[in-house]
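An overview of the molecular structure
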Amino acid sequence: YYQTFVNAVRATGGNNSTRWLMIQGPSTNIDKTYDLMTTLPSDSASGRLMIEVHHYPYQWSLMTNDETWGKMFYFWGQGYHSPTMTDRNSTWGEEAYTDEQFQKMYARFTSRGIPVIVGEFGAVKRTGYAGLTGTELNRHLASRTYYSKSIVDKANALGLKPIYWDAG
C-alpha cells in the first residue's frame, strides 16, 4: 500500500518527483506504527519520507459520554487530579504514557533521521457536565492547558513535530 502511494506520486513528475511525502502509520496509532512499520517503502527521492501519527488518550481527549466500560476523564496530569471528583481523574494516558509513546517514534524513526509529525493531538473542552463547575472546571481547564504544553514539550524534545487539533 505504501509503496503504491510513493510510486504513484513520484511517477507524476514535476515537483512530485522530489516533494516530501507523509506516510500515515496504521490507523495513525503509535503502537501499530511502531510494531508494523519496521521498514519504509523504497523512494527515488532519498530522505523525503516522513511519518504521521496521532496522540489521543481517548477517555481524556475525545470521549464525550460515559460508557459501561469506563468514564470520561476530566483531569490530566499528576499535578491536576481532583481531590473531590476522583472518578474523573485520568488513570492512564498521562505523562509516563506519553513519554513511552513518543519514545517509540523516536526510536523507530526520528533517531534514524526520519521525521515524525504528531499530526493531531488535543482534548475536548468539557463544559456543561454535572459537577464540573467553579474550582473543578478551572482545574479541568488548567489540566487541558498543561496537557497541551506537555505534548508540545515532550514531542519537541524528541524531534517529533506536534500539530494541535482543536477538538472543541
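What comes next is a walk through the structure. (Residues numbered from 1 in each chain as written. Predicted model: local features only at pLDDT ≥ 70, side-chain atom pairs only at ≥ 80, totals over all residues. Heavy atoms only, no water.)

**Considerations on the side chain of T33**
The test is simple: For helices the rule is a DSSP run of H or I covering at least 4 residues; for strands it is a run of E covering at least 2, with both sets numbered from the N terminus onward. Each residue gets one of three labels from its accessible area relative to the maximum for its type: buried under 20%, exposed over 50%, partly exposed in between, using a 1.4 Å probe on protein chains only. Definition of a polar contact: a pair of N or O atoms within 3.5 Å, with one able to donate and the other able to accept a hydrogen when the atoms are protein atoms, and with sequence-neighbouring residues admitted only if both atoms are side-chain atoms. The contact rule is simple, with two residues in contact once any of their heavy atoms fall within 4.5 Å.
Here T33 is to be found in helix α2 (residues 30-36). For T33, a relative accessible area of 0% corresponds to the buried category. A polar side-chain atom of T33 sits 2.7 Å from the main-chain carbonyl oxygen of N29. Discounting residues that sit within four places of it in the chain, T33 has contacts with G25, P26, I51, V53, M105 and F109.

**Quick notes on the side chain of T98**
Along the chain, the position of T98 falls in helix α4 (residues 95-108). A relative accessible area of 0% means that T98 is categorised as buried. Discounting residues that sit within four places of it in the chain, T98 has contacts with H55, W76, G93, I151 and K154.

**Side note on the environment of A107**
Within the secondary structure, A107 sits in helix α4. Distance from A107 to L158, taken between C-alpha atoms, is 9.4 Å for residues 51 residues apart in sequence.

**Brief notes about the nonpolar core**
Taken as a class, soluble globular proteins show a tendency for nonpolar side chains to be buried jointly. What counts here: Note on terminology: a nonpolar core comprises buried Ala, Val, Leu, Ile, Met, Phe, Trp, Tyr and Cys residues joined through side-chain atoms within 4.5 Å.
Counting residues in hydrophobic clusters, the biggest one holds 25 residues, and the most contacted among them are I51, F102, M105, F109, V116, Y147 and L160. For this core, the secondary-structure elements that each account for two or more residues are α1 (2-11), β1 (21-24), β2 (49-55), α4, β3 (116-121) and α5 (134-157).

**Thoughts on unusual backbone geometry**
A positive phi angle, close to 60°, is found at S27, a residue other than glycine. Here the phi dihedral of T28 falls at roughly 55°; this positive angle occurs in a residue that is not glycine. For T28, the position within the fold is in the loop between β1 and α2.

**Side note on the packing of α4 against α5**
As a reminder of what qualifies: A fitted line through C-alpha atoms serves as each axis, taken over the contacting stretch for helices, and the angle formed by two N-to-C directions is quoted from 0 to 180°. Just so you know how the angles are binned, under 35 degrees is roughly parallel, over 145 roughly antiparallel, 65 to 115 roughly perpendicular, and the rest oblique. A crossing counts as left-handed when the near helix is turned anticlockwise from the far one by less than a right angle, and as right-handed when that turn is clockwise.
As a packed pair, α4 and α5 sit with axes 10 Å apart at the nearest point and diverge in direction by 30°. The pairing of α4 with α5 is recorded here as roughly parallel in orientation. Remark: the crossing between α4 and α5 carries right-handed chirality. Of the residues in α5, those in contact with E95, T98, D99 and F102 of α4 are Y146, I151, K154 and A155.

**Things to note about the pairing of β3**
We count it as follows: When DSSP finds two or more bridges between two strands, those strands count as paired.
Across the six residues that make up β3, a large majority, six, are buried. In this structure, β2 lies alongside β3, joined through five bridges in parallel fashion. Paired with H54 across the strands is E120, a residue of β3. Pairing geometry for β3 and strand β4 (residues 161-164), over three bridges, is parallel. If you follow V118 over to β4, its bridge partner there is P162.

**Topic: a nonpolar patch on the surface**
What counts is decided by this rule: Residues forming no salt bridge and having over 30% relative accessible area are the ones grouped into patches, like charges within 9 Å of each other and nonpolar side chains (Val, Leu, Ile, Met, Phe, Trp, Tyr) within 5 Å. Where accessible areas are quoted, they stem from the Shrake-Rupley method and a 1.4 Å probe; at the residue level, only the protein chains shown are allowed to cover. Any carboxyl oxygen of Asp or Glu within 4 Å of a side-chain nitrogen of Lys or Arg constitutes a salt bridge here.
A surface patch of nonpolar side chains, about 420 Å² in accessible area, is lined by Y58, L62, W69 and W92. For W69, a relative accessible area of 53% translates into the label exposed.

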